[in-house]
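# Structure assessment
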Amino acid sequence: MDERDFEVLLALDQTRNITHAAKLLYVSQSSLSKRISAIENELQVKLLIRSRKGVYFTSEGEEVLTSIRKVSNELQTMRQRLDLSKNIVSGYLQAGISLNYSLFKLPEVLSEYRRQFPHVSMHVITDHSRKLYNQLLEGTIDIAVVRGDYPWKGEKILLDRENICAIKSKNNHEKSFSELPYIGRKTDLAFERELLQWMHENGYSDQNNGLYVDNITTCVEMVKLDGGWAIVPEICLKDFEGDIVPLKFADGEPFVRPTYLMFSDIVLELPQIKAFIELLRTYSS
């Protein structure tokens with residue numbers, strides 16, 4: 001076995017799915033299956049059991065996983081120490097970034113990070129904030145950028161606090177929001193609760209004549225095409241030219257959406273992660 005075989009088994013451990021592991025490793029499913037068979041033949045044990053729900057490691061497979069985790073960590077630590085002695089920032093970085101932040105701000109941050117630190121291996125996950133928060137608690141990612149408030153005992157840095165706005169197109173300027181169909185979108189439960197509260201307070205509870213889409217980009221584009229009105233965060237309105245109305249709750253409190261950078265204290269000891277954190281703060285200031 002070599003380090004590439006370690007990556008194969010660790011990817012399968014992370015995803016528990018042949019298809020997802022193949023995508024993570026940028027190989028075909030057939031190539032991955034052949035590599036698994038080769039590893040099993042070399043070790044002369046069965047490592048995996050496949051089912052419709054994914055893959056399961058046998059007891060021998062779990063034993064192999066325990067060993068390669070230790071070896072991988074030792075190799076990574078050795079390389080980091082060697083690189084540090086040469087003043088090169090390297091190592092591995094696992095970051096979880098919320099969907100909206102990754103769509104509108106992350107590409108610029110990643111591009112600059114790659115330019116400054118080309119020797120760092122990166123794995124960036126984009127998902128809803130609740131899922132990223134759970135992964136951070138489990139320790140499967142090093143840092144997380146999440147939207148909304150989540151309890152966290154480690155470091156928690158406010159990156160942004162943006163208004164939530166009602167929007168409609170230029171052509172619908174003369175129409176009130178109540179005259180237009182509502183365009184809803186898929187979002188996380190925490191934001192959905194606040195959204196429903198605002199709608200209830202302002203008499204928009206019945207929106208059955210509207211439209212529901214699965215992402216924020218489609219939602220904004222539908223508004224631009226005079227399809228109705230929507231409620232979205234400012235982060236996606238940089239190029240929007242219609243009406244933008246920041247919202248407030250009945251008690252006068254503004255409807256806002258905070259974005260936090262969260263991580264444990266220990267990751268600051270790793271130069272590649274510390275550098276990424278500093279870059280995120282710079283681009284959010």
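Residues numbered from 1 in each chain as written. Predicted model: local features only at pLDDT ≥ 70, side-chain atom pairs only at ≥ 80, totals over all residues. Heavy atoms only, no water.

## Digging into the pairing of strand E1 (residues 48-51)
- Relative to strand E2 (residues 54-57), E1 runs antiparallel, the two being bridged by four bridges. Within the sheet, the bridge partner assigned to Ile49 lies in E2 and is Tyr56.
- Between E1 and E2, which pair antiparallel one after the other, the connecting turn spans two residues. (Pairing = 2+ DSSP bridges. Helix = DSSP H or I, 4+ residues; strand = E, 2+ residues; numbered from the N terminus.)

## Let's talk about unusual backbone geometry
- A positive phi angle, near 55°, is found at Arg16, a position not held by glycine.
- With respect to the secondary-structure elements, Arg16 resides in the loop between helix H1 (3-15) and helix H2 (18-25).
- The phi torsion at Gln44 lies on the positive side, around 60°, for a residue other than glycine.
- The residue Gln44 is located in the loop between helix H3 (29-43) and E1 in this model.

## Examining the layout of surface pockets
- Roughly 1800 Å³ of volume is contained in the largest pocket.
- If you go around the largest pocket, you meet 45 residues; those closest to its centre are Leu10, Gln14, Gln76, Tyr92 and Gln94.
- At the level of secondary structure, the elements contributing two or more residues to the lining of the largest pocket comprise H1, H2, helix H4 (59-85), strand E3 (91-98), strand E4 (120-127) and helix H7 (129-138).
- Of the residues assigned to the lining of the largest pocket, the class counts are 18 nonpolar, 18 polar and nine charged. (1 Å grid on protein atoms, 1.4 Å probe; cavity = no way out; pocket = protein on both sides within 12 Å on 5 of 7 lines; lining within 4 Å. Points joined across faces, edges and corners; volume = space filled by probe spheres on them. Nonpolar A, V, L, I, M, F, W, Y, C, P; charged D, E, K, R; others polar.)

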